[in-house]
Amino acid sequence: MIEPVDDRTWLVKRTPESSPEAIIDRFGGGYRLRRFSLTESRRTQHGVFTGPELAETAWWRLQDRPRGR
């Protein structure tokens, strides 16, 4: 699920009560997906998408990938 923080930022969470896993923010003409971290330098980037819903879908697909490939 995505939870709005303000008009330019959303958090990606598994449930409303869980901790954020990713952050989506409006970036130019798109929406940037990054791993959530309280430290800005640790927010790894995972692409720019045309909408927050597409960025959320990309996050869950990244999580479903087998590790080590």
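The structure presented is a predicted model; accordingly, all values stated were derived computationally and were not measured.

Enquirer: Is there a simple way to explain the sheet that holds strand S5 (residues 45-49) in this structure?
Expert: One key point about sheets: their strands pair by backbone hydrogen bonds, in either a parallel or an antiparallel sense. Spatially, S1-S2-S3-S4-S5 is the arrangement adopted by the 5 strands of the open sheet, whose pairing is antiparallel. Two strands in the sheet have a free side with no partner beyond their single neighbour: strand S1 (2-6) and S5. Taken over all neighbouring pairs, the strand axes of this sheet differ in orientation by 25 degrees on average, direction set aside. Examined bridge by bridge, strand S4 (residues 30-35) and S5 share 3 bridges and lie antiparallel to one another.

Enquirer: I tried to follow the pattern of salt bridges on my own but got confused; where do I start?
Expert: Two side chains that carry opposite charge are able to pair once their charged atoms sit near each other. Under the counting rule described, the total for this entry stands at 6 salt bridges. Across the pair Glu 21 and Arg 14 runs a salt bridge whose closest N-O atoms are separated by 3.0 Å. Classification of Arg 14 by relative accessible area gives exposed; the value is 53%. In this structure, a network of salt bridges that share partners links the residues Asp 25, Arg 32, Arg 34, Glu 40 and Arg 43.

Enquirer: I'm lost on the environment of Ser 19 in this one. Help?
Expert: Within the secondary structure, Ser 19 sits in the loop between strand S2 (9-12) and strand S3 (22-27). By relative accessible area, which is 55% here, Ser 19 ends up exposed. Along the primary structure Ser 19 and Phe 36 are separated by 17 residues, whereas in three dimensions their C-alpha atoms are 9.4 Å apart.

Enquirer: Could you clarify how one ought to interpret helix H1 (residues 52-64) in this entry?
Expert: An α-helix turns once per 3.6 residues; consequently, residues spaced three or four apart project the same way. Taking 1.5 Å per residue as the helical rise, H1 with its 13 residues ought to reach 18 Å, and the 19 Å between its terminal C-alpha atoms agrees with that figure. By the burial criterion, the buried members of H1 are Pro 52, Ala 55, Glu 56, Ala 58, Trp 59, Trp 60 and Gln 63. Contacts made by the buried residues of H1 are with S1, S2, S3, S4 and S5.

Enquirer: For this particular structure, what's the right way to read the pairing of S2?
Expert: The side chains of a regular strand alternate, first on one face of the sheet and then on the other. Side-chain alternation along S2 places Thr 9 and Leu 11 on one buried face and Trp 10 and Val 12 on a second face that is also buried. Sheet topology note: the S1/S2 ladder contains 4 bridges and is antiparallel. Opposite Pro 4, over in S2, you have Trp 10 as the bridge partner. Hairpin connection from S1 to S2: 2 residues lie between these consecutive antiparallel strands. Judged from the 4 bridges that link them, S2 and S3 form a sheet pairing that is antiparallel. Looking at the pairing, Trp 10 lines up with Ile 24 of S3.

Analysis parameters
Residues numbered from 1 in each chain as written. Predicted model: local features only at pLDDT ≥ 70, side-chain atom pairs only at ≥ 80, totals over all residues. Heavy atoms only, no water. Pairing = 2+ DSSP bridges. Helix = DSSP H or I, 4+ residues; strand = E, 2+ residues; numbered from the N terminus. Axes fitted to C-alpha atoms, helices over the stretch in contact; angles between N-to-C directions. Salt bridge = Lys/Arg side-chain N within 4 Å of Asp/Glu carboxyl O. Buried < 20%, exposed > 50% of the residue type's maximum accessible area, 1.4 Å probe, protein only. Expected span 1.5 Å × (residues − 1). Contact = heavy atoms within 4.5 Å.

The values are spatial; any link to function lies outside them.
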